[in-house]
Amino acid sequence: MHGRVKIKTTAQQEEEKRKEREKKLKIYVAARDACFSKRNEGIWDDEALQLTQQLLSSNPDFATLWNYRREILMHLETVKDKDEVQKIYEAELSFTESCLKVNPKSYGSWHHRGWVSARLPRPDWARELTLCDRCLSLDDRNFHCWDYRRMVVKMSGVPVDQELAFTDRLIGSNFSNYSSWHYRSTLLPLLHPESPEPPSPCREPPQSSPPPSPQTHSHRVCEEQLLKEYELVQNAFFTDPNDQSAWFYYRWLLGRGMSIGRSVCKYEREYISALLCFVNHKFFVFLTAEREEMISCVYVNRDEERVAVAFSRPVNAQSVGLFLVLDGQPQRVEWRSVHPRFKQSPVWICNLPPGTISDITNERNLTVHWTEKHTHRDCALYTGRTESWCRDSATDQELFRSELSVEKTSVLQSELQSVKQLQELEPLNKWCLLTIILLMRALDPLGYEQEMLAHFRTLKEVDSMRSAYYSDLCSKFMIENTILKMEYAEVRVFSISDKNLTTLCHLDQLLLVTHINLSSNHLQRLPPQFAMLQCLEVLEADNNAIENLEGVYHLPKLEEVLLKNNKISTLADLQTLASCPKLKRLDLRGNPVTQTANVESELAELLPSVTDLLL
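Per an unreviewed UniProt entry, the protein carries the name Geranylgeranyl transferase type-2 subunit alpha and comes from Astatotilapia calliptera.

As C-alpha cells, then:
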C-alpha cells in the first residue's frame, strides 16, 4: 500500500466542496455588507468601485450593486476631467463585457452598458455594433442584445436600409431567426412606407408632425415591397413548414397592405394591435382592430323605466363622466354594472325615478353623454312604444374585421392559393392550416364557414395538445358569424345550437337579444358577461355540460330557462336565478340536482315566481 496515491472518497470530495463553497460565500457576504455599509454612509470612492466589481464579476444580476456602481460613476464625473471620465467609462465597458461572458443574457449588464455608452464623452458606436454582431452570432435569440442593438442604432444614426440588410444576412443564414423577422417588421414601414392616401372630404387638414419612428409611423408597407416580402417569407415556410417564425411574420405582412378602399374620417380610423396570448401553453397571435371609443348602443324600456348603455370597450361608468339627459333635463341616476364582479364593463344600466317615462302616450328623447371622450348618443322613445334603442351593428363597427382584411382582396386570394399549394405538400402542417383559416376569414367568413370548420377538425387532430385552444378559437369565429347572420336577418333571436361551442364571447353585442339558443354544445358555464343580455326572455341551453349559472343574474325580462341534460348538481348553483323577477318556466330534467332530497319544495322556496318546473 505504501507509495500509492490515496483515492479520495466521494464523501470526502463533497465535504471539501462544501467547505470551499462556504469560504467563497463568506467572502461574498463580507464584500456585499461592506458595499451596503459604504452606500448607507454615502461613500463613492475607488474602493467601493472595486468591491462592486468583485461582486458583479461573479454575479452580474445583482441590480442593487449596479445602481450603487452608477452612483459612484456619476460622482466621479464631478471630480474628474473629461479625458479621465473617458478612460473610466472605457474601463467600465470592458468590465461589462467580461460580465456578459459570465452571462450573455444578463439584463443588468446590458442595461448598465447602455447607460455607460450614453454617457461616454466620445462613444465608439462601431465597436458596440461589432459586439452585438458577435453576441448575436453566438445566440440569435438574445433579446437583451437585440434591445441594446436598437438603442445603439438609434443613438448612432445607422441608416434603416443598412439594418434591413443586416436582417437579410441573419435570415439568409437561419430562417428560424424570430428576432430578425420581428426587427424587420419595425424597419419596413420606415423604409418602404405606403403612399399617402388622397385627401378625403371628411378628413381634417394635415398638420405638421414629427419625423416617422417605429413608435409613431403608420405600420403600412408599399405594395411593391410587400410582394417582395411575400416571396421571401414563402421561401422560408416552403423550406421549413414547421418553423413558426416565418408564419408569424407572414401573418404580420398580410395586415400591412393597402386598405380595401374605405374612406375613413379622423375619428373612424382603426388601428391594429397585437395581443400575444399564452394560455396553458396554447400559443397564438391575435391581431384585433382597435375600435373607436364610443357609445355603441343605448336601450330604454318604459315598463322597467330602465336605460342600458353599451360601450365599445369596458369602462367604469362611475368614473368616466356618464350623464343622462331626458327631454333636455339632466337626470340624477345611479349607474351600475350588469354584474357585481365587474368594475369595468362594456354595459352599464340605470333606473329612472318611477313615473318618469312610463306614460306610453308621451314621446321622450334621451341623450347619454360620455364626457371623458366628448361624445354622446341620442335615443327617441316614441309614442305607443314600450322600448327603443339606437345602436351601431357589428357590421357598421367592422367589429369582426380580420387582421388580414386590411389587405386587398386580390392579394389575399393569391396568398390563399399559395398556402393551399403548400397544404397539398404538407396536409398536416398546423401553421399552414391555421393561416388558411385566417385568410378565409379575411376574405369571406360566411362563405368559407364549412371549409374553416373542416380545417379546425384537422387542426385538433394534428395538434392535439392545443385542441382546447382551437375549439375556443372556432367557437369565437362561429359566434361572430352567427351575430352577422342575425343582424343581416334583422332579428333578435340568437341561435347557435349544435356548433360544438366550448366558450362564449362578444356577449356585449347581444344586449338586444330576446331569445338565445345554445343547446347541444360543450359549454360548462354561463359566465358573468352573460348578464349583459338585458333584454333576454328565453334561454335554451339543453344538452351541454353546464355547472355554473353565474351569468344568469338580474335579467329583468327573463321568463324561461331550459337546462335539460346539464351538470347542475346543487341548489346553490341555481341561486342566481332568484335575481330574475319574471322567471316562470324552468326545465332541470337530466341534472344531478334533481336527485336532491326535497328538491321541489326547496326550489319553490328559492324561486317563488316559477310556476312551471320540470324535474
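Picking up after the structure, the text goes on.
1. Comments concerning the sheet that holds strand E3 (residues 295–301)
The strand order E7-E8-E4-E3-E11 describes an open sheet built from five strands, whose pairing is antiparallel. Of all strands in the sheet, those bounded by a partner on one side alone are strand E7 (336–337) and strand E11 (387–391). By the bridge criterion, six bridges tie strand E4 (residues 306–315) to strand E8 (residues 345–351) in an arrangement that is antiparallel. Note that in E8 the partner of alanine 310 across the bridge is valine 347.

2. Examining the pattern of salt bridges
Counted under the stated rule, the structure contains 37 salt bridges. We note a salt bridge from arginine 32 to aspartate 33, for which the minimum N-O separation is 3.0 Å. Residue arginine 306 is joined to glutamate 304 by a salt bridge in which the shortest nitrogen-to-oxygen separation is 3.1 Å. Taking relative accessible area as the criterion, arginine 306 reaches 3% and is therefore assigned buried. Through salt bridges with shared partners, a single network forms among Glu15, Arg18 and Glu22.

3. A short note on the side chain of threonine 435
Considering the arrangement of structural elements, one finds threonine 435 in helix H13 (residues 430–443). Relative accessible area serves as the criterion here: at 3%, threonine 435 is assigned to the buried category. What threonine 435 contacts, discounting residues up to four positions off in sequence, is Trp247, Tyr250, Arg251 and Val419.

4. Let's talk about the nonpolar core
Formed by 106 residues in total, the largest nonpolar core has its most connected members in Ile516, Phe530, Leu539 and Val552. With 11 residues, the single largest contributor to this core is H13. With residues near it in sequence (within four places) discarded, valine 552 still touches Leu526, Phe530, Leu539, Leu558, Thr576, Leu577, Ser579 and Cys580.

5. Here's the deal with the environment of arginine 525
Relative to the helices and strands, arginine 525 resides in the loop between strand E13 (515–517) and strand E14 (538–540). The partly exposed category is assigned to arginine 525, whose relative accessible area is 39%. In sequence terms arginine 525 and isoleucine 546 are 21 residues apart; their C-alpha atoms lie 4.8 Å from each other. Other than its neighbours up to four places away in sequence, arginine 525 contacts Arg341, Ile546, Asn548 and Glu550.

6. What to know about the packing of aromatic side chains
Across all of its chains, the model carries 18 aromatic pairs by this definition. An aromatic cluster is built from Tyr230, Phe237, Phe238, Trp247 and Tyr250, whose rings are joined through pairwise contacts. Over the ring of phenylalanine 166 we find arginine 149, and its NZ or CZ is 3.5 Å from the ring centre.

7. Some words on the pairing of strand E9 (residues 364–370)
With five of seven residues buried, E9 lies mostly within the body of the structure. The pairing of strand E5 (residues 322–326) with E9 spans five bridges and is classified as antiparallel. Bridge pairing in E9 places leucine 324 opposite valine 368. Here seven bridges tie E9 to strand E10 (residues 375–381), and the two strands are oriented antiparallel to one another. By the bridge assignment, arginine 364 is partnered in E10 with leucine 381. Counting the residues that bridge the hairpin from E9 to E10 gives four residues, and of these histidine 374 lies at a positive phi of roughly 55 degrees.

8. Description of unusual backbone geometry
One non-glycine residue, serine 520, adopts positive backbone phi at about 60 degrees. Along the chain, serine 520 turns up in the loop between E13 and E14. You can call serine 520 partly exposed: its relative accessible area is 29%.

9. Focus: helix H9 (residues 178–191)
Look at H9: 20 Å from first C-alpha to last across 14 residues, which is about the 20 Å you get at 1.5 Å a residue. Along its length, H9 reaches its greatest deviation from straightness, about 25 degrees, at serine 185, and the proline proline 189 lies no more than four positions downstream. Among all positions of H9, only Ser179, Ser180, Trp181, Tyr183, Arg184, Ser185, Leu187, Leu188 and Pro189 are buried. Where H9 is buried, its residues contact helix H7 (143–156), helix H8 (160–173), helix H10 (223–239) and helix H11 (244–254).

10. Remarks on the state of the cysteines
Here a disulfide denotes a covalent bond joining the sulfur atom of one cysteine to the sulfur atom of another. This structure, assessed with the given rule, holds zero disulfides. Not part of a disulfide, cysteine 135 finds its nearest cysteine sulfur in cysteine 145, a span of 4.7 Å. Cysteine cysteine 145 is unpaired, with the sulfur of cysteine 132 as its nearest cysteine sulfur at 4.2 Å.

11. Digging into the sheet that holds E5
Pairing in this open sheet of four strands is antiparallel, and the strands run E6-E5-E9-E10 from one edge to the other. The open sheet terminates on both sides in strands that have one partner only, identified here as strand E6 (329–331) and E10. For this sheet the average axis-to-axis angle between neighbouring strands, irrespective of direction, equals 25 degrees.

12. Overview of the side chain of glutamate 387
Take glutamate 387: it is sitting in strand E11. Classification of glutamate 387 as buried rests on a relative accessible area of 14%. Within the structure, glutamate 387 has its side chain in polar contact with the side chain of arginine 492 (distance 2.8 Å). There is a polar contact of 3.3 Å between the side chain of glutamate 387 and the side chain of lysine 557. Those residues in contact with glutamate 387 that lie beyond four places of it in its chain are Tyr299, Val300, Asn301, Leu381, Arg492 and Lys557.

13. Structural notes on helix H14 (residues 449–462)
For H14, which comprises 14 residues, the first-to-last C-alpha distance of 20 Å matches the rise-based estimate of 20 Å (1.5 Å per residue) to within 8%. Turning to H14, its buried residues are Glu449, Met452, Leu453, His455, Phe456 and Leu459. Seen from one end, H14 has its buried residues packed into an arc of 165 degrees, which puts them on one side. Residues of H14 that are exposed and point over 90 degrees away from its buried face: Gln450 and Glu461. Buried positions along H14 lie against helix H12 (409–425), H13 and helix H15 (467–489).

14. Details of the packing of helix H3 (residues 63–79) against helix H4 (residues 82–102)
Closest axis-to-axis distance for the H3/H4 pair is 10 Å, and the angle between their directions is 165 degrees. Considered as vectors, H3 and H4 are oriented roughly antiparallel to each other. Handedness of the crossing formed by H3 with H4: right-handed. Where H3 approaches H4, its residues Trp66, Arg69, Leu73, Leu76 and Glu77 are matched on the opposing element by Val85, Ile88, Tyr89, Glu92, Phe95, Thr96 and Cys99. Grouping the amino acids of the contact of H3 with H4 by side-chain chemistry returns eight nonpolar, one polar and three charged.

Reading guide: rules and limits
- Residues numbered from 1 in each chain as written.
- Predicted model: local features only at pLDDT ≥ 70, side-chain atom pairs only at ≥ 80, totals over all residues.
- Heavy atoms only, no water.
- Pairing = 2+ DSSP bridges.
- Helix = DSSP H or I, 4+ residues; strand = E, 2+ residues; numbered from the N terminus.
- Salt bridge = Lys/Arg side-chain N within 4 Å of Asp/Glu carboxyl O.
- Buried < 20%, exposed > 50% of the residue type's maximum accessible area, 1.4 Å probe, protein only.
- Contact = heavy atoms within 4.5 Å.
- Core = buried A, V, L, I, M, F, W, Y, C linked by side-chain atoms within 4.5 Å.
- Phe/Tyr/Trp six-rings, centres within 6.5 Å; stacked < 30°, edge-to-face > 60°.
- Lys NZ or Arg CZ within 6 Å of the ring centre and 35° of its normal.
- Expected span 1.5 Å × (residues − 1).
- Bend = angle between axes of the 7 residues up to and from the residue.
- Disulfide = S-S within 2.5 Å.
- Axes fitted to C-alpha atoms, helices over the stretch in contact; angles between N-to-C directions.
- Polar contact = N/O pair within 3.5 Å; in protein donor to acceptor, adjacent residues only side chain to side chain.
- Arc of directions from axis to C-beta.
- Parallel < 35°, antiparallel > 145°, perpendicular 65-115°, else oblique.
- Left-handed = near helix turned anticlockwise from the far one by under 90°.
- Nonpolar A, V, L, I, M, F, W, Y, C, P; charged D, E, K, R; others polar.

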